[in-house]
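Residue-level structural notes
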Amino acid sequence: MRSWKYNLKGNALLAVITATTCQPFLLLGYDQGAMSGIIGANNAFRRDFSHPNPDMLGNITAIFDIGCVLGSLLCYFIGDKLGRRRMLMLGETVMVLGAVIHASSYSIAQLLVDRVVAGVGTGINSSTAPAFLSECAPASIRGGLLTLQGTVTNLGVVIAFWTAYATSSYDSSFQWRFPLAFQSVFAVLLVFQIIGLPESPRWLVGHDRSIEAGPVIAAIAGKPNDDESVTRTNAAGGPFRFQELFTWGKTQNLRRLILAISVQLGQQFTGSNMINYYTPVIFQSSMGLDRHLALLLGGAAMCTYLVGSIIPGFLMDRYGRRVLLMVCSAGLSLCFVGVTAMLSVGTTSSGYGATAFIFLFQLVRGIGWLPVPWFYPSELATPRIRSQIAAIATAWNWMAIFAVVKFVPIAFANIQWRTFIIFAVLNASFIPIIYFFYPETKGLELEDLPLLFEKGGITGGVFSSKGGRTVQSGQHAWNSSPPVINLDLSGEALHDDKVHDEEGNSVDKEAAGLAV
């Protein structure tokens, strides 16, 4: 019996799941864009809160990320018990509450409290949504679909930034209350969207609810319930234990955890949120532009970021995660070198040159470091510990955002344009780390992931494997005893003598150079 509301199948159902799991990231981006458009000016916001200094502005912006850490950690403790749907509904409900308190603030203390409340909702959503979509998406297009979450993040930034710009001319508290309250509309709509969705089939299987999982798999694949590709599997081994995260051996859960945390930290140390939150401030303080022009250029930069975030949707499942991350790191480092060189001259024309490099940074950033860190932890983790690793990695991401957002105003107040040198060096350092340690997950079924580091060694087999591809797609179907049933949501059944090649085609194991 079907346990969800939408009477959809195949691509239509997958599209609704994708849209619903992307919308939490619209809210994430909205907060960044709204605060970017509000802070840093002698406006109603600043007057209503007694002209906070740079340190307090950093607190107001960054304490949101502490709430996100708390929300992510909440997912660690209850996320796997409640499931993906209920966690998303909880996250959105908290966000509505946060938006209401946010827009009604009359003191710094109240503002800080509701920044934390809104952050808790965002932390829950950002830990849950990537796992939900990755567990529903076919392997052949999973990267492209998950990349849309980054694109929608940028859409939220753009909507919020231009909303804040539209109200910037008001001299009353409407100037900042409306942009902060408006996000509740998206949160309420999302709650109603989630109600009609099925639960993740892989979560159902992992909780001994395979009979319920079958119709969901069939619906996503657009197949009848009795089709051969709609099969059952057994849940793996009892309740989760904390010490499992630190095991090594063939599964190497500790390596997975470290890599998941590192890719989330890397996203923040690219300088991404320095630009997201403080673009207008940077344009004013470092480049000498007036507030109106700084806001206009900031909005245009966010639109450039949105364009850049669309590009990986066409590249992610073709070139893979590693290539896009390395190319992106090199590009971002060069952009910050250019910004540093331009601002060191200190002329008006060189300031415009620096602005051009920031626009280029926004375009390049969307290609790799925007989308991959949000879904890569879900691809690294085995099904048994996916919720826990996603929650821990996302919590580290939000702690890093807090550090960057808190540090940036102080850094610009003291070392000004030299702040960009720090992020140029960090971006360059990511390239060898990715090359030697990050495995390629393009095209892999999530059930292949327990085999990801079986080769062992210092790099887990990444350095010795062509393109970092340590396992072939479908390998789990014949490398287990008894065989594991493949939950291939594309509707194609993998047989024991078949495996997918790097292009996603089904070939004989012998032809793939693997033992039968």
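Scroll up to find the structure this text is about.
Here the structure is a predicted model, which means the values were calculated and not measured. (Residues numbered from 1 in each chain as written. Predicted model: local features only at pLDDT ≥ 70, side-chain atom pairs only at ≥ 80, totals over all residues. Heavy atoms only, no water.)

**Brief notes about the overall build of the protein chain**
- Along the protein chain, the regular secondary structure elements total 17 helices and two strands.
- The contacts in the protein chain between residues at least 6 apart in sequence include a share of 79% that link residues at least 24 apart. (Helix = DSSP H or I, 4+ residues; strand = E, 2+ residues; numbered from the N terminus. Contact = heavy atoms within 4.5 Å.)

**Section: the packing of helix α10 (residues 253-269) against helix α17 (residues 419-437)**
- One can describe the packing of α10 onto α17 by two numbers: an axis separation of 10 Å at closest approach and a directional angle of 155°. Relative to α17, the element α10 lies roughly antiparallel. The handedness of the crossing between α10 and α17 comes out as left-handed. Where α10 approaches α17, its residues Leu259, Gly266, Gln268 and Phe269 are matched on the opposing element by Phe423, Leu426, Asn427, Phe430 and Phe437.
- Here the residues of the contact of α10 with α17 sort into six nonpolar, three polar and no charged. (Axes fitted to C-alpha atoms, helices over the stretch in contact; angles between N-to-C directions. Parallel < 35°, antiparallel > 145°, perpendicular 65-115°, else oblique. Left-handed = near helix turned anticlockwise from the far one by under 90°. Nonpolar A, V, L, I, M, F, W, Y, C, P; charged D, E, K, R; others polar.)

**Structural notes on unusual backbone geometry**
- Even without being glycine, His51 reaches a positive phi, approximately 50°.
- Topologically, His51 is positioned in the loop between α2 (44-48) and α3 (54-82).
- Here His51 falls in the partly exposed class, since its relative accessible area comes to 45%.
- Positive phi values are uncommon outside glycine, yet Asp208 reaches one of about 55°.
- When its relative accessible area of 64% is taken as the criterion, Asp208 is described as exposed. (Buried < 20%, exposed > 50% of the residue type's maximum accessible area, 1.4 Å probe, protein only.)

**Remarks on the environment of Leu296**
- With respect to the helices and strands, Leu296 occurs in helix α12 (residues 291-310).
- Apart from the residues within four sequence positions on either side, Leu296 is in contact with Trp162 and Tyr165.

**Quick look at the nonpolar core**
- In terms of nonpolar packing, the biggest core is built from 122 residues, with Phe45, Met274, Phe336 and Phe420 touching the most fellow members.
- Ranked by residues supplied to this core, first place goes to helix α1 (residues 10-38) with 12 residues.
- Residues in contact with Phe45, not counting those within four places in the same chain, are Ile38, Ile39, Leu57, Ile60, Leu111, Gln175 and Trp176.
- Core analysis: the second largest hydrophobic core is formed by six residues, Val157, Val158, Phe161 and Met302 among them. (Core = buried A, V, L, I, M, F, W, Y, C linked by side-chain atoms within 4.5 Å.)

**Comments concerning the pattern of salt bridges**
- Scanning the entire structure with this criterion turns up 12 salt bridges.
- In this structure, Asp317 engages Arg321 in a salt bridge whose closest nitrogen and oxygen atoms are separated by 3.5 Å. One end of the pair is Asp317 and the other is Arg321, both in helix α13 (residues 312-345) and four residues apart, which spans about a single turn.
- A relative accessible area of 0% means that Arg321 is categorised as buried.
- Through salt bridges with shared partners, a single network forms among Asp80, Arg84, Glu135 and Arg386. (Salt bridge = Lys/Arg side-chain N within 4 Å of Asp/Glu carboxyl O.)

**Structural notes on helix α6 (residues 142-167)**
- Helix length check: α6 (26 residues) gives 39 Å between terminal C-alpha atoms against 38 Å at 1.5 Å per residue, within 8%.
- Counting buried residues in α6 gives 20 out of 26 residues, a clear majority hidden from the surface. (Expected span 1.5 Å × (residues − 1).)

**Notes on helix α14 (residues 348-365)**
- Given a rise of 1.5 Å per residue, 18 residues ought to cover 26 Å, and the 26 Å separating the end C-alpha atoms of α14 matches this to within 8%.
- Among all positions in α14, only Ser350, Gly351, Gly353, Ala354, Thr355, Ile358, Phe361, Gln362, Val364 and Arg365 are buried.

**Examining the packing of aromatic side chains**
- All chains considered together, the criterion is met by 25 aromatic pairs.
- Relative to Trp176, the ring of Phe45 has its centre 5.8 Å away and its plane inclined at 80°; by these criteria the two rings are edge-to-face. Highlighted residues: Phe45 in helix α2 and Trp176 in helix α7 (residues 174-195), separated in sequence by 131 residues.
- The interplanar angle of 85° and the centroid separation of 6.1 Å between the aromatic rings of Phe64 and Trp398 together place this pair among those described as edge-to-face. With a gap of 334 residues between them, Phe64 in helix α3 and Trp398 in helix α16 (residues 386-414) connect regions that are remote in the sequence.
- A relative accessible area of 1% places Phe64 in the buried class.
- Through a chain of ring-to-ring contacts, three or more aromatic side chains come together here, namely Tyr30, Tyr170, Phe174, Phe178, Phe182 and Phe186.
- When the ring centre of Phe453 is taken as reference, the NZ or CZ atom of Arg255 above it lies at 5.5 Å.
- The ring of Tyr305 carries Arg365 above its face, with NZ or CZ at 3.6 Å from the centroid. (Phe/Tyr/Trp six-rings, centres within 6.5 Å; stacked < 30°, edge-to-face > 60°. Lys NZ or Arg CZ within 6 Å of the ring centre and 35° of its normal.)

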